Structure formats: C-alpha cells, structure tokens
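# Chain and residue survey
Read off the chains here:
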Amino acid sequence: LELLGAILYHSWAGDASGEKALSTVLQPGGSARLPLHERLLAAPALPAVSFLYGGGPDWMDADIGRGIARDLKQKGVSSHVRLVGVAGHQ
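Each helix and strand in the protein was counted, giving 4 helices and 2 strands. Since a compact globule built from 90 residues should have a radius of gyration of about 12 Å, the 17 Å found for the protein marks it as more spread out than a globular shape. Viewed in the frame of its principal axes, the protein has a C-alpha envelope of about 55 × 30 × 25 Å. Burial statistics for the protein: of 90 residues in total, 18% are counted as buried. Across the protein, the fraction of contacts at a sequence separation of at least 24, relative to all contacts at a separation of at least 6, is 60%. Surface summary for the protein: the accessible area is close to 7000 Å², and the carbon and sulfur share equals 60%.

What follows concerns the confidence of the model for the protein. Across the protein, the average pLDDT comes to 84, with 94% of residues at or above 70. Looking across the protein, the model is least confident in helix α2 (residues 18–25), with a mean pLDDT of 71, and most confident in helix α4 (residues 62–74), with 94.

What follows concerns the pairing of strand β1 (residues 49–54). As defined by bridge partners, β1 adjoins strand β2 (residues 79–84) across 6 bridges and the pair is classed as parallel. Within β2, the position partnered with serine 50 by the bridge is histidine 80. Taken together, β1, α4 and β2 form a β-α-β motif whose crossover is right-handed.

Next up on the list: α4. With 13 residues, α4 extends 19 Å from end C-alpha to end C-alpha; this agrees with the ideal 18 Å at 1.5 Å per step. Turning to α4, the residues buried within the fold contact α3 (36–42), β1 and β2. Measuring from the side-chain oxygen of the N-cap residue of α4 to the backbone nitrogen of aspartate 63 gives 3.0 Å; that N-cap residue is aspartate 61. Glycine 76 lies just past α4 and shows a positive phi near 90°.

Moving on: a nonpolar patch on the surface. On the surface, Leu1, Leu4, Leu8 and Trp12 cluster together to form a nonpolar patch covering roughly 530 Å² of accessible area. By the secondary structure assignment, leucine 4 is in helix α1 (residues 2–12). The partly exposed category is assigned to leucine 4, whose relative accessible area is 46%.

Take serine 79: it is sitting in strand β2. At 3.3 Å, the side chain of serine 79 and the backbone oxygen of valine 49 are in polar contact. Apart from the residues within four sequence positions on either side, serine 79 is in contact with Val49, Phe51, Ala69, Leu72 and Lys73.

What counts, and at which threshold
Residues numbered from 1 in each chain as written. Predicted model: local features only at pLDDT ≥ 70, side-chain atom pairs only at ≥ 80, totals over all residues. Heavy atoms only, no water. Helix = DSSP H or I, 4+ residues; strand = E, 2+ residues; numbered from the N terminus. Rg over C-alpha atoms; globule rule 2.2 N^0.38 Å. Buried < 20%, exposed > 50% of the residue type's maximum accessible area, 1.4 Å probe, protein only. Contact = heavy atoms within 4.5 Å. Areas by Shrake-Rupley, 256 points an atom, 1.4 Å probe, with all protein chains shown as cover. pLDDT = per-residue confidence, 0-100. Pairing = 2+ DSSP bridges. Right-handed = clockwise from strand over helix to strand, strands pointing away. Expected span 1.5 Å × (residues − 1). Polar contact = N/O pair within 3.5 Å; in protein donor to acceptor, adjacent residues only side chain to side chain. Patch = residues over 30% accessible without salt bridge, like charges linked within 9 Å, V, L, I, M, F, W, Y side chains within 5 Å. Salt bridge = Lys/Arg side-chain N within 4 Å of Asp/Glu carboxyl O.

The following block contains the structure:
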C-alpha cells in the first residue's frame, strides 16, 4: 500500500506533461485535431517518411498510415509502414 501511495503521489504531484500533450493533439475520442495526413500532403518537400505501429490490436490503426504512405508515394515521397511484432501502443 505504501508503494502504491508513492506511485500515485509522484504521478500526480508534478507538473502535467503527457496528458497535456495528448489533449493538445487529440480531440475527444482520439481523432487528431490537425490530421497528419493533410499536413504531410500539403508540405512542399519531405524526406523519407516511416510509420511504426505495434503488431497487436490497438486504437492506432495501421491502415491510416498505409493510406498516408500510399498518397505520399504518389507525390514521389519515399514512405513505409512497419509493424513491430509484439509491441503495442503505450
């Protein structure tokens, strides 16, 4: 119980960080506020772009990355989607 108290204290006592970042980039429900797809396609020049996804079930859908990669390739940008076998989104 003492360990749990220490974990909770250190999780909540400091300044907010990750939770602020998520609410800045995501709308309620997990949709992007400024979708990456639109921003990447509008960019005047890009280096090679890679998307990495966990290989298991996840709310981060690799099909979205595949669609962006396909559209980037049509623009002449090298783009790849990779699934990391036993990883998930944390």
